[in-house]
Amino acid sequence: MTTTVARVDSAGGGLWADLTYNDGSVSSRKKATPEMSSTTDPVNPEPLIIAIDGPSGAGKSTVARLLASRLGLPYIDTGAMYRAVGLLAARGGIEPPLDDEDAAAVSGLAENHRIELSGTGRDVRVLLDGEDVSEAIRTPECALMASAVSALPAVRRALVAIQRRIGLQSGGIMEGRDIGSVVFPDAALKVYLTANPAERARRRQADLHAKGIEATVDEVRRQQQQRDLQDSTRSDSPLHVARGSVVVDTSESTLDEVVARLLAELDERMEIRLDTVGGNTVRSRNHGGLARRESAPIEEESS
Ligand code: DC
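A brief report on the enclosed structure follows. What you see as residue numbers is a count from 1 along each chain, following the sequence as written. Where local features are concerned, this predicted model is filtered to residues with pLDDT of at least 70; where side-chain atom pairs are given and counted, the filter is 80 or more; whole-chain, interface and lining totals use all residues. Hydrogens and waters are ignored; side-chain quantities use all the structure's heavy atoms.

### Digging into the overall build of the protein chain
By the criteria applied, helices consist of DSSP H or I runs no shorter than four residues and strands consist of E runs no shorter than two, each listed in order from the N terminus. For the protein chain, the helix and strand inventory stands at 11 helices and 13 strands. Across the protein chain, contacts joining residues at least 24 apart in sequence account for 68% of those joining residues at least 6 apart. Here the open area of atoms and residues is found with the Shrake-Rupley method and a 1.4 Å probe, where only the protein chains shown may cover a residue. Surface accessibility of the protein chain: about 13,800 Å² in total, with carbon and sulfur atoms responsible for 50%. Residues count as neighbours in contact if any of their non-hydrogen atoms are within 4.5 Å of one another.

### A closer look at the sheet that holds strand S5 (residues 75–77)
A strand pair is defined by DSSP finding two or more bridges across the two strands. With parallel pairing, five strands are arranged side by side in an open sheet as S5-S9-S4-S10-S11. The sheet is open, and its two edges are formed by S5 and strand S11 (246–249), each paired on a single side. In this sheet, adjacent strand axes meet at a mean angle of 20° when their direction is disregarded. Fitting a line to C-alpha atoms yields each axis, with helices limited to the stretch in contact; the angle taken between N-to-C directions then spans 0 to 180 degrees. The strands touched by helix H1 (residues 60–71) are strand S4 (49–53), S5, strand S9 (172–176) and strand S10 (189–194); relative to S9, the strand with the most contacts, the crossing angle is about 175°.

### Let's talk about the nonpolar core
To form a nonpolar core, buried Ala, Val, Leu, Ile, Met, Phe, Trp, Tyr and Cys residues must be joined to one another through side-chain atoms within 4.5 Å. Residue exposure (1.4 Å probe, protein chains only): buried if accessible area is under 20% of the type maximum, exposed if over 50%, otherwise partly exposed. Counting 63 residues, the largest nonpolar core has Ile52, Val85, Val106, Leu159 and Ile173 as the members making the most contacts within it. The element that contributes the greatest number of residues to this core is helix H2 (residues 78–91), accounting for eight residues. Aside from chain neighbours lying at most four places away, what touches Val85 is Val106, Leu109, Ala110, Ile115, Val149, Val155 and Leu159.

### A word on the side chain of Gln163
Structurally, Gln163 can be placed in helix H6 (residues 153–170). Of the residues examined, Gln163 reaches a relative accessible area of 0% and is grouped as buried. Setting aside residues no more than four positions away along its own chain, Gln163 makes contact with Thr78, Met81, Tyr82, Met174, Ile179, Val183 and Phe184.

### Re the site of the ligand
Close contacts around the ligand come from 15 residues, with Arg83, Arg156, Asp178, Asp231 and Arg234 the closest. Within the side chain of Thr78, an N or O atom sits 3.0 Å from a nitrogen atom of the ligand. We define a polar contact as two N or O atoms separated by no more than 3.5 Å, with the added condition that, inside protein, one atom must be a possible hydrogen donor and the other a possible acceptor, whereas residues neighbouring each other in sequence contribute only through side-chain atom pairs. Side-chain polar atom of Arg234 to an oxygen atom of the ligand: 2.8 Å apart, as the coordinates give it. In isolation the ligand offers 440 Å² of accessible surface; the protein chains occlude 98% of this area. Going through the elements one at a time, H2, helix H5 (140–149) and helix H9 (217–233) are the ones with two or more residues in the shell around the ligand. In terms of residue count, H2 provides more of the shell around the ligand than any other element does, four residues in total. Note on residue classes: Ala, Val, Leu, Ile, Met, Phe, Trp, Tyr, Cys and Pro are nonpolar, Asp, Glu, Lys and Arg are charged, and everything else, Gly too, is polar. Across the shell around the ligand, the residue classes break down as two nonpolar, five polar and eight charged. Note on definitions. A residue lies near a molecule or strand when any single heavy atom of the residue is within 4 Å of it.

Honestly, it's all geometry; don't read function into it.
Written out as structure tokens, the structure reads:
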């Protein structure tokens, strides 16, 4: 079985796909075509896009990765792209808050550098001009910088264009702040995940700890408040619940409950059934309504 990961070379132009085999080897890169999407769909050839928005610590990444694995679709972390631009700005000596001069300097960064997402669902790597910055972009400082640069319309325009190209080519579970409102307002399913501030801070602190980054829950909570305020009050594409979104509060739910709820919502919206055949998810017309959940549970990808 192969896993296909589409990525856009934003500097050199063009869309590429990596074929990753079960043993981890990656075949020569090919120009992606619709048939290379990892989801086979004899009924509806349009790529399946699920938008997952919400504040940090609401569980978006975990839920999105699991859905991607269950549905055999790429996981597309748009926050990582903003973080990569934030890292570029920080390396250029810029610090938040940005003044007009900083904003002018940062505005061209996304267009003039190559930002790629590469790898399989569980180990997506973020490449900046070919350098693996997956760890470097995860610091709290980079998160604040990402939030600051993401308020700049020029940065958003460049990254949204990349995100749309990736989504249209391969479909995917796309996570961010404006996916359901701006990037893919017609996504098959739009989800807004949230959780109470204490729980969000607790989760984020545990994530950081697992990455070897130490911070107290109070510090994390203060940074989250600052980012929430910036992300939801900026004039271009602020974080909000997009029309038609399913709002799920994950504070008291298990991961399995959230994923089961979202699969049920998808099932109802698409009126299709989703079966796993030979490791691939196959979609077909679902005349039986909810039949899929009783008769053909989706199995997690084994690779
Ligand atoms: O999801 P994240 O925490 O890695 O995102 C980092 C920042 O990027 C976040 O504070 C706001 C910004 N962002 C955005 O504005 N739009 C997106 N689609 C994704 C992230």
